[in-house]
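Architecture and fold: a report
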Amino acid sequence: MALLEVHDLDVEYLVGDSIVRAVRNVFFTLDEGKNLGIVGESGCGKTTVAKAIMRLLPRNGRVAGGRVVFEGRDILRLEDAQMRSLRWEKLSTIPQSAMNTLDPVYRVGDQLCESILTHRRIPRSKAWKRSVELAELVGLEGKRLANYPHQLSGGMKQRFAIAMALSLDPSLIIADEPTTALDVITQDRILAKIKELQEGLRFAMIYISHDIGVIAEVCDAMMVMYAGRIVEYGITRELFADTYHPYTLGLKNAFPSIQADRRLISIPGFPPSLVGIADEGCMFRPRCPFAIEGCGTRVPPMAEVRPGHWVACLRTDDVGLLREAAQEQATWLESAVI
Ligand code: ATP
Ligand code: MG
């Protein structure tokens, strides 16, 4: 049995009188101790997937359809109290900009202790001891627990956010852009620490990033999202070796760290706003240099191009051609055909 199965997840936000269909038909499975990367540009729905799984959507957000099965139970149907005990105990999160969520008026050690004591009936001295262990686990000295957040660097605060997520020994951690706000060197160190912790503690992880290079480094499987939908999903190694979707090809170009000999080519334009969008074909079409007429008439169905490798594109048969052309800057500079 998979640790987590997500089936046909749809999430909406209500904004005034309009509906933002932020996540559509998202599906994936995650086994114990494994990790899945979710990648895509800003606004494509990554955080919304994370919040829906944690049942931490804001008040104007709701799951409009689908199932989230964690350890065999559909957690969308659990009572609030049942969900509260599951959250942090079994599945925890390092939220986006986690380092800014530490309360400035409390010592970080007290915050860590509180998060343990909320769930465990143990004496405070024991919770403090566990907090020291956790601080050391994430590479901080125990004495840092006595600091207030403003006394810590961004990297240290982020390490505390990771310690907080680890505090109850969860089986799944959802890390939402855990290193994005940090400088490159600190980012690398934190990433190395997360990988080391995962190898030691064997928790499963959903790792969210807009940087496909980071995902390539960390994740067994990956999902590329665009405008709320999956466009490509599969084993990371296979997906990199045999990329099918034009958007994934574009993202690979835009992060040359994964193809060292190549210069950076960005995808012109921006993802669409999702307010009141209609299902009139592929959402990537206006930016896609490979769009053909059919792309405008219906949403491309998800096709399994090989076992476990899913792609939503009408041009999978021409992929050899697409891959070659995608390496040329001129391809991306010309406007899309349609
Ligand atoms: P980023 O990389 O910027 O964090 P993301 O991929 O995490 O982006 P989401 O934050 O999930 O994207 O947003 C998906 C869509 O839902 C966007 O169009 C966004 O504007 C919209 N959205 C997110 N949160 C809300 C909200 N609270 N109310 C209304 N719309 C929202
Ligand atoms: Mg986000």
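To start, this report covers the structure provided alongside it. Every chain begins its residue count from 1, and numbering advances along the sequence as written. Going through the entries in the order they are written, you letter the chains from A and number the ligands from 1. A pLDDT threshold of at least 70 governs which residues receive local features in this predicted model, and a stricter bar of 80 or more applies before side-chain atom pairs are shown or counted, although totals over entire chains, interfaces and linings include all residues. The side-chain quantities take in all heavy atoms of the structure and omit both hydrogens and water.

Here we take up the pairing of strand E9 (residues 221-226). Only protein chains enter the accessibility calculation, which uses a 1.4 Å probe; a residue whose area is less than 20% of its type maximum is buried, one above 50% is exposed, and one in between is partly exposed. A helix here means a DSSP run of H or I that spans at least four residues, while a strand means a run of E at least two residues long, and both kinds are numbered starting from the N terminus. For E9, the buried fraction is high: six of the six residues fall into the buried class. Neither face of E9 is exposed, since Ala221, Met223 and Met225 on one face and Met222, Val224 and Tyr226 on the opposite face are all buried. Pairing between strands requires that DSSP locate at least two bridges from one strand to the other. As defined by bridge partners, strand E3 (residues 35-39) adjoins E9 across four bridges and the pair is classed as parallel. Looking at the pairing, Ile38 lines up with Met223 of E9. Of the strand pairs in this sheet, E9 and strand E10 (residues 229-235) are connected by six bridges, and their pairing is antiparallel. Opposite Ala221, over in E10, you have Ile235 as the bridge partner. Counting the residues that bridge the hairpin from E9 to E10 gives two residues, and of these Ala227 lies at a positive phi of roughly 50°.

Axes here refer to lines fitted to C-alpha atoms; in helices the fit is confined to the stretch in contact. Angles between the N-to-C directions go from 0 to 180 degrees. Two numbers describe how helix H3 (residues 108-117) lies on helix H4 (residues 124-137): the axes approach to 9 Å, and their chain directions differ by 115°. With respect to the hand of their crossing, H3 and H4 are arranged in right-handed fashion. Contacts between H3 and H4 involve Gly109, Asp110, Leu112, Cys113, Glu114, Ile116 and Leu117 on the former and, on the latter, Arg124, Ala127, Trp128, Arg130, Ser131 and Leu134. Across the contact of H3 with H4, the residue classes break down as seven nonpolar, two polar and four charged. In a left-handed crossing the near helix is turned counterclockwise from the far helix by less than a right angle, and in a right-handed crossing that turn is clockwise. Here a residue-residue contact requires only that any non-hydrogen atoms of the pair lie within 4.5 Å. All amino acids are sorted into three groups, where Ala, Val, Leu, Ile, Met, Phe, Trp, Tyr, Cys and Pro are nonpolar, Asp, Glu, Lys and Arg are charged, and the leftover types, Gly among them, are polar.

Quick look at helix H9 (residues 246-254) now. Across the nine residues of H9, nine count as buried, placing the element largely inside the fold. The set of residues buried in H9 consists of Pro246, Tyr247, Thr248, Leu249, Gly250, Leu251, Lys252, Asn253 and Ala254.

Membership of the largest hydrophobic core comes to 64 residues, with the highest contact counts inside it found for Phe160 and Tyr207. Excluding anything up to four places from it in sequence, Tyr207 contacts Leu36, Gly37, Ile38, Ala175, Pro178, Thr179, Leu191, Ile194, Val214, Ile215, Val218 and Cys219. We call a set of buried residues a nonpolar core when its members are Ala, Val, Leu, Ile, Met, Phe, Trp, Tyr or Cys and they connect through side-chain atoms within 4.5 Å of each other. Core analysis: the next-biggest nonpolar cluster, separate from the first, contains 35 residues, Val26, Phe28, Leu30 and Cys44 among them.

Time to look at the site of ligand 1. A single heavy atom is enough: if one lies within 4 Å of a molecule or strand, its residue is considered near that molecule or strand. Taken together, 17 residues are adjacent to ligand 1, and Ser42, Gly43, Lys46, Thr47 and Thr48 come closest. Note that an oxygen atom of ligand 1 is positioned 3.2 Å from one of the backbone N or O atoms of Cys44. A distance of 2.4 Å separates an oxygen atom of ligand 1 from a polar atom in the side chain of Thr48. About the coverage of ligand 1: the protein hides 71% of its 630 Å² of free accessible area. Breaking the shell around ligand 1 down by element, the ones donating at least two residues are strand E1 (4-15), strand E2 (18-30) and helix H1 (46-54). Looking at the shell around ligand 1, the element that brings in the most residues is H1, giving three residues. Looking at the shell around ligand 1 residue by residue, the class counts come to seven nonpolar, seven polar and three charged. Polar contacts, as counted here, are pairs of nitrogen or oxygen atoms within 3.5 Å of one another; within protein the pair requires one atom able to donate a hydrogen and one able to accept it, and residues that are adjacent in sequence qualify only if both atoms are side-chain atoms. For accessible areas, the Shrake-Rupley method is used with a probe of radius 1.4 Å. Any residue's cover is judged against the shown protein chains and nothing else.

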